[in-house]
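Remarks on the overall topology
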Amino acid sequence: MAPRAQQRRRFAPLNRAGSGRSTPPAPRTGPANPPPNPPSADPPRDPQTPPTPETIDDIREQMRDLADAAGVRVLTDAEATRFENLESALARARRSENIRRRQDGYEQPVMGDLPALIGIHTNPRDDTYNAAFTNYLRTGQPNGDLVNAQGVGTDPTGGYLVSPQFRQKLVEVQKAYGGLAAEVDSFDTERGGDVEYPSVDDTANLGAITAEAAAFATGNDLVFGTVTLKAFKYTSSGGDAAAGMRVSWELLQDSEFDIESLIARVLGTRIARKQAADWASGAGTALPFGIVHAGTTADVVLAAGNAITYQKILDIESALDPAYEQNAKWCFSKAAWQKIRAVVDGSGRPLVDPQTAGINGRPARELLGYPVILDQQMGNPATLSQRWGVLGDLREAYTIRRVSEFALVVNPYSRANNGQTEYSAWQRADGNIQNRKAYAIVQNNAA
């Protein structure tokens with residue numbers, strides 16, 4: 001078959017009078033066949049050298065393997081050359097990927113003409129997913145970098161996206177806002193049914209000395225309890241209870257700052273703040289059981305007037321079983337920590353020695369040799385009858401259960417006539433005390 005350009009030359013345009021008579025075809029110039037493909041710019045490959053991978057992830061994986069080998073031995077010349085060739089291949093792959101992403105930006109769908117799709121991504125492997133996720137936040141439309149799952153909880157009003165990277169941001173917020181959450185035990189489950197596991201407290205029982213040929217002394221059988229963890233649904237939305245956080249399309253398009261990161265931070269912080277309060281003092285039943293919830297009994301109660309004294313601090317340590325001292329930590333709010341730091345001896349010298357790692361170091365937060373964890377959701381030391389602090393092995397004492405991943409809902413449809421996109425978020429989680437003997441609680445007096 002002749003080349004397309006030659007085929008077009010066989011048909012002449014109509015003459016000016018429109019008679020349809022054609023002029024003779026122009027003489028052919030140049031070769032009848034297209035020129036052969038130019039030779040490849042890459043040098044010929046050694047048959048013993050493995051082929052260079054094409055994807056960014058595979059290239060980086062092979063580079064990582066060679067770098068790990070260089071950490072334990074000297075690389076051979078072939079291995080060093082291989083690493084340098086992979087560097088060049090990575091630069092070419094990234095350049096190609098940037099071109100593809102720029103083209104995706106040119107082809108970004110127009111708001112108001114978006115099909116209802118559900119995008120789920122569980123294992124991002126390179127930066128292209130971040131760009132796709134940003135596009136999803138702006139438009140609610142997943143592209144080819146997000147896996148479309150039409151059969152998973154189809155929602156005709158919008159889609160939802162599970163993003164591990166977004167969840168990672170949430171975890172960082174939890175550690176910064178609720179210090180307790182980073183120190184206790186935690187685990188994840190795929191489904192939201194109740195999780196139960198047994199517990200046993202045999203610390204009150206002792207063995208006995210039995211005489212030769214005599215019957216054993218009467219003891220006690222094991223008595224088991226249970227720890228139950230549910231899956232409460234924590235949500236973060238906007239001013240309208242029936243809608244999400246509304247953001248105008250103009251703001252999404254024209255903002256000079258990273259509006260997507262702001263949305264992620266705000267939604268994550270709201271859920272983290274609510275969870276932090278529940279991990280500390282949740283009352284149970286319709287809430288998690290907090291580590292100092294109202295049903296717990298304090299081990300140490302301050303005297304009337306609720307003065308924090310050195311003796312009371314020692315009493316709290318004395319209330320903790322030595323079995324849990326090795327991994328023990330304090331946990332209370334910064335207001336409580338400041339009151340403890342204000343305790344002075346008869347000469348006005350502070351009893352808490354603010355030792356630092358150097359002249360510019362931050363004062364170490366330690367009390368009686370145990371690290372101090374600050375959590376702003378712990379009780380107020382100025383409130384009567386308030387449980388405001390604990391000392392113990394926090395990882396043994398308390399556990400948090402989270403269900404699956406953090407979910408972000410982007411709904412560009414409901415407020416399309418108003419030129420707005422709605423954002424909301426949710427996560428299922430629960431917390432409970434798993435070993436009450438592993439920590440001691442201090443409480444204010446009622447007067």
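Residues numbered from 1 in each chain as written. Predicted model: local features only at pLDDT ≥ 70, side-chain atom pairs only at ≥ 80, totals over all residues. Heavy atoms only, no water.

1. Some points on a nonpolar patch on the surface
On the surface, a nonpolar cluster with roughly 320 Å² of combined accessible area is contributed by Val200, Leu222 and Phe224. By secondary structure assignment, the location of Leu222 is in the loop between strand S5 (195–200) and strand S6 (224–229). (Patch = residues over 30% accessible without salt bridge, like charges linked within 9 Å, V, L, I, M, F, W, Y side chains within 5 Å. Areas by Shrake-Rupley, 256 points an atom, 1.4 Å probe, with all protein chains shown as cover. Salt bridge = Lys/Arg side-chain N within 4 Å of Asp/Glu carboxyl O. Helix = DSSP H or I, 4+ residues; strand = E, 2+ residues; numbered from the N terminus.)

2. Examining the sheet that holds strand S10 (residues 329–332)
What the six strands build is an open sheet, ordered S9-S16-S13-S10-S12-S11; its pairing is mixed. Each edge of the open sheet carries a strand with a single partner, namely strand S9 (300–301) and strand S11 (366–367). The pairing of S9 with strand S16 (residues 439–443) spans two bridges and is parallel. The residue bridging Val301 from the neighbouring strand is Gln443, located in S16. In the packing of helix H9 (residues 334–341) onto the sheet, the strands contacted are S10, S11, strand S12 (370–374) and strand S13 (387–392), and the crossing angle to S10 comes to about 115 degrees. (Pairing = 2+ DSSP bridges. Contact = heavy atoms within 4.5 Å. Axes fitted to C-alpha atoms, helices over the stretch in contact; angles between N-to-C directions.)

3. Section: the side chain of Asn306
As for its position among the elements, Asn306 is in the loop between S9 and helix H8 (310–319). Since its relative accessible area comes to 8%, Asn306 is described here as buried. A distance of 2.4 Å separates the side chain of Asn306 from the backbone nitrogen of Asn445, its partner in a polar contact. Once you skip the residues sitting within four places of it in the chain, Asn306 turns out to touch Lys339, Leu384, Asn444, Asn445 and Ala447. (Buried < 20%, exposed > 50% of the residue type's maximum accessible area, 1.4 Å probe, protein only. Polar contact = N/O pair within 3.5 Å; in protein donor to acceptor, adjacent residues only side chain to side chain.)

4. Some points on a negative patch on the surface
A contiguous patch of negative charge on the surface is contributed by Asp58, Glu61, Asp65 and Asp68. Checked against the element boundaries, Asp58 lands in helix H2 (residues 56–70). Under the relative-accessibility criterion, Asp58 is labelled partly exposed at 31%. (Lys, Arg positive; Asp, Glu negative; His and termini not counted. Charge placed at Lys NZ, Arg CZ, Asp CG, Glu CD.)

5. Regarding the packing of aromatic side chains
What the rule picks out here adds up to four aromatic pairs. Between Trp330 and Phe332, the ring centres sit 6.1 Å apart and the planes meet at 45 degrees, which makes this aromatic pair tilted. Neither residue differs from the other here; Trp330 and Phe332 are each classed as buried. Pairing Phe332 with Trp337 gives two aromatic rings, centres 6.3 Å apart and planes at 20 degrees, and the pair type is stacked. In this structure, Phe332 and Trp337 share a single accessibility class: buried. Here the aromatic cluster, defined as three or more aromatic residues joined through ring pairs, consists of Trp330, Phe332, Trp337 and Trp388. Positioned over the ring face of Trp426 is Lys233, at 5.1 Å from the centre of the ring. If you follow Arg436 out to its NZ or CZ, it ends over the ring of Tyr439, 4.7 Å from the centre. (Phe/Tyr/Trp six-rings, centres within 6.5 Å; stacked < 30°, edge-to-face > 60°. Lys NZ or Arg CZ within 6 Å of the ring centre and 35° of its normal.)

6. Brief notes about the pairing of strand S14 (residues 398–411)
With 12 of 14 residues buried, S14 is to be regarded as a mostly interior element. Of the pairings in the sheet, the one linking S14 to strand S15 (residues 420–433) comprises 11 bridges and is antiparallel in character. Directly across from Thr399, in S15, lies its bridge partner Asn432.

7. A look at the nonpolar core
Judged by nonpolar contacts, the single largest core of 59 residues is most densely connected at Trp330, Phe332, Ile340 and Leu367. No other element matches helix H7 (residues 259–281), which puts six residues into this core. The contact partners of Phe332, leaving out residues within four places of it in the chain, are Trp337, Ile340, Leu367, Val372, Ile373, Leu374, Asp375, Met378, Trp388 and Gly389. (Core = buried A, V, L, I, M, F, W, Y, C linked by side-chain atoms within 4.5 Å.)

8. Observations concerning the confidence of the model for the chain
Of all residues in the chain, 71% attain a pLDDT of 70 or more, and the chain-wide mean is 78. Confidence over residues 109–125 falls short of pLDDT 50; this stretch has 56 contacts with residues more than four positions distant or in other chains. Predicted confidence for residues 147–176 stays below pLDDT 50, and this span has 82 contacts to residues more than four positions away or in other chains. (pLDDT = per-residue confidence, 0-100.)

9. Some remarks on the pattern of salt bridges
Tallied over the full model, the rule gives 11 salt bridges. Arg60 is the salt-bridge partner of Asp57, the closest N and O atoms lying 3.4 Å from each other. Here the residue Asp57 and the residue Arg60 both occupy positions in helix H2, the gap between them amounting to three residues, near one helical turn. Taking relative accessible area as the criterion, Asp57 reaches 14% and is therefore assigned buried. Of the charged contacts, one joins Arg73 and Glu79 as a salt bridge, the two residues approaching to 2.8 Å between their closest N and O atoms. On the accessibility criterion, Arg73 (40% relative accessible area) is partly exposed.

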